[in-house]
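Now for the letters of each chain:
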Amino acid sequence: MRWLYTAIIASSAILMRGNAIGQAVDVSLYGATPNSGQNSSPSVARAIDFALRHHRSKILFKRGRYDFWPQGAVIRHLFISNHDGVAERAVAISIEHVSGLELDGNGSEFVFHDSMLPIAILHSDRVTLRNFSIDYASPHIVQAKVVNKNTSFVDLHIDNPSSYSVKDDHIFILAEDASPGSEQLARGSVVFDPEGKGLVAGTGDNWEIDKTTAKRMDRNDVRLFGLTQQTRPGDVLILWNGDRPNPAILATQSSHILISSAQVYSAQGMGFIAQYSEEIHLDRFNVILKPGSDRYISTTGDAVHFSNCRGQIIVENGLFENMLDDGINLHGSYLRIAEKLAPDTLVLEFGHPQTFGLPFAFSGDTLRFIQPKTLEPYAIAKVAEIHSLDDKHLWIRFTEALPSPVAVKDAAENLVWQPNVIYRNNHIRHNRARGALFGSQASTVVEDNFFDHLSGPALLFNADASGWFENAPARNVLVRHNRFLDTNMGPYGQGSISIIFPVEGTKDGQYFNARNIRIEDNSFEQFQQLLVYAVSVEGLSFKHNRVLLNHDYPASLPADAPVFSLSHTRCVDVSQNVLQSIDHASTLDSTLLSIKEPGIPFDTASCIESFQPLVCSIQATASRFCKDR
């Protein structure tokens, strides 16, 4: 009978482990012990597997620190937009083929070691993540303080000697385990001011660090010869290799995703990226420097990124700081026509390596064909059947024969994956590149945000079918109630707001890539004269804005630079704004708002379309009800 007693006890333990807390699964019951320093990867994987097999709706962590290593993690072959191609990725928390699951970290800190993808949401819907932070034990960044400088060399002091090595007269970035061959050549650098940890005005990237010569003086000091980047003693030089192996959180081919009260302190790529997903809500999702740390860098990529998404995208109440790229970037993709196999069949190819392997389209989607130089559309067709030939090429058959102009080397865009976007009450500051890039043919609302000391423009609307191949149409954009403070501090663009699309070669000069953009009731405080730089826009309203020109930094533009620089525009309304300089009294726009516009004169009668942006109820449920405002 002893064997029967043992079996009963074992069965009871299994039942208790799964059912003691109802529908919730506690990861500690599977061996994930907080503050133990042990590898939580296999334990969390077991807990998630149990939850999915038994249709549990919640994963719970007891508050504390959890460490994750690649050993015992889920291994997946994933293609991630705007990230490096990696044969296999170790995924610490993998949520796959789930319908209805909440992960609650209860304020825990998730710390990752070596090269890992912390969280992946794959082919799932109704997933909620909340109450946790993501960090790496060893961010692949070298922080060096400039202690001395002359015409031939710069002396650097590096507090963390385990973050770097000098080999073959170059600086290398060391991996956490410092195993042979794991070091990576430092290729890029940016300059930060220790006062406030912001970027130094007037400086930009230096992608020639690998052309400098390094000499190690002692354990913490390096002499660097040939550095052309502008630095001053006391500045902090950030060195990195430019790679992006992993975002902090990935959502792919998923829907109804909510992430709230989560912090990303560091990542080997972007803080969050969604691709071919829909209905996404980020609330109080922050990409920030770890409190109490001496760090200058959070993520090595964008804070948040959306590639080929649709439905409603809401990003609100977030703080995004000190990234090595943009605050937010939202776009689709252009694919080139590689071959025309039949009147109704094409082979399309991805143009940029960081897009290889993605789906692009599905049966029933509508594609539009464009001229790659001008982005001007000329035909549409509906997808009947599609499959992948290899990572770079897609075979597509359409429901009917394609129009005769469709030709090899032209490009295609997907009209179906175009989201409605609400970006509100966010704060972007001290990042290397631009503030926000939006590209959707639906609607975009940018309101109540603070764009604070950015190296590039606060807002950039731009697309191309020859470099990044990012489809980013600017349509129905409302920018209101935002504050812009000292943006465009570096060489990343022109104007606090830049709208730049190709115009050369457009048919009869009558095609405009951007349409219906309203910039109203905002506050601009800046040391640069140029506010808006726009090329190829039809329907642009800049009204009821307050502009203060300050002397916070030396201006790189001449004193007579225009406040607006407009080219190939039609139907523009600039009125009822107030410009104030700290040297002059307030003035209505008619005198000081100088305008440089070759081409079509202003049309104050305005043909700007009216549109009703969508507003969704903010609920952490499967149902998101949208209504007109």
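Throughout this document, residue positions are counted from 1 along each chain, in the order its sequence is written. The predicted origin of the model limits local features to residues at a pLDDT of at least 70 and limits the giving and counting of side-chain atom pairs to 80 or more, whereas totals for whole chains, interfaces and linings rest on all residues. Values reported for side chains reflect all heavy atoms of the structure, with hydrogen atoms and water molecules removed beforehand.

A. Examining the overall build of the chain more closely. A tally of regular secondary structure across the chain gives 3 helices and 52 strands. Per-residue burial over the chain gives 57% buried out of 629 residues. Partitioning the contacts of the chain with sequence separation of at least 6, the portion at a separation of at least 24 is 72%. Counting every atom, the chain has about 24,700 Å² of accessible surface; 51% of that belongs to carbon and sulfur. Numbering of helices and strands runs from the N terminus, with a helix taken as a DSSP run of H or I at least four residues long and a strand as a DSSP run of E at least two residues long. Burial classification: accessible surface area is computed with a 1.4 Å probe over protein chains only, and a residue below 20% of its type maximum counts as buried, one above 50% as exposed, and the rest as partly exposed. Every residue pair with non-hydrogen atoms within 4.5 Å of one another is taken to be in contact. Per-residue and other accessible areas were derived by the Shrake-Rupley procedure at a 1.4 Å probe size, with only the shown protein chains allowed to occlude residues.

B. Examining helix 2 (residues 41-53) more closely. Its 13 residues give helix 2 an end-to-end C-alpha distance of 18 Å, which sits within 8% of 18 Å, the value for a rise of 1.5 Å per residue. For helix 2, the full list of buried residues reads Ser41, Ser43, Val44, Ala47, Ile48, Phe50 and Ala51. Histidine 55 occupies a position one or two residues after helix 2 and carries a positive phi of about 55°. Residue count minus one, scaled by 1.5 Å, sets the expected span of a helix.

C. Here's a closer look at the environment of asparagine 35. Structurally, asparagine 35 is set in the loop between strand 1 (24-26) and helix 2. A relative accessible area of 57% means that asparagine 35 is categorised as exposed. Residue contacts for asparagine 35: discarding those within four places in its chain leaves Arg63, Gly64 and Arg65.

D. Up close: the nonpolar core. The criterion is simple. A nonpolar core is a set of buried Ala, Val, Leu, Ile, Met, Phe, Trp, Tyr and Cys residues joined through side-chain atoms within 4.5 Å. Core analysis: the biggest nonpolar cluster contains 99 residues, and Ile93, Phe272, Phe285 and Phe306 have the highest contact counts within it. Membership of the second largest hydrophobic core comes to 29 residues, among which are Ile158, Ile171, Val236 and Trp240.

E. Structural detail: unusual backbone geometry. Positive phi, close to 50°, is recorded for histidine 123, a residue that is not glycine. By the secondary structure assignment, histidine 123 is in the loop between strand 7 (117-122) and strand 8 (125-136). A positive phi angle, close to 60°, is found at asparagine 317, a residue other than glycine. Structurally, asparagine 317 is set in the loop between strand 24 (310-316) and strand 25 (319-321). Among the residues examined, asparagine 317 registers a relative accessible area of 30% and is labelled partly exposed.

F. The packing of aromatic side chains, seen in detail. Whether two aromatic rings pair depends on their centres lying within 6.5 Å, for rings of Phe, Tyr and Trp, where Trp uses its six-membered ring; planes under 30 degrees apart make the pair stacked, over 60 edge-to-face, and the rest tilted. For the structure on display, the rule yields 23 aromatic pairs. Between the aromatic rings of tyrosine 30 and phenylalanine 50, the centroid separation amounts to 5.8 Å while the plane-to-plane angle is 45°, which identifies the pairing as tilted. With tyrosine 30 in the loop between strand 1 and helix 2 and phenylalanine 50 in helix 2, this pair connects stretches of sequence that are 20 residues apart. Between phenylalanine 192 and tyrosine 296, the ring centres sit 5.9 Å apart and the planes meet at 65°, which makes this aromatic pair edge-to-face. In this pair, phenylalanine 192 is assigned in strand 14 (residues 188-193) and tyrosine 296 in the loop between strand 22 (278-287) and strand 23 (304-307), connecting sequence segments 104 residues apart. In this pair, the class of phenylalanine 192 matches that of tyrosine 296, namely buried. In textbook terms, an aromatic cluster arises when at least three aromatic residues are bridged by ring pairs, as seen for Phe61, Tyr66, Phe68, Phe110, Phe112, Phe132 and Tyr136. A ring has a charge above it when a Lys NZ or an Arg CZ is no more than 6 Å from the ring centre and no more than 35 degrees off the ring normal. Positioned over the ring face of tyrosine 296 is lysine 197, at 5.2 Å from the centre of the ring.

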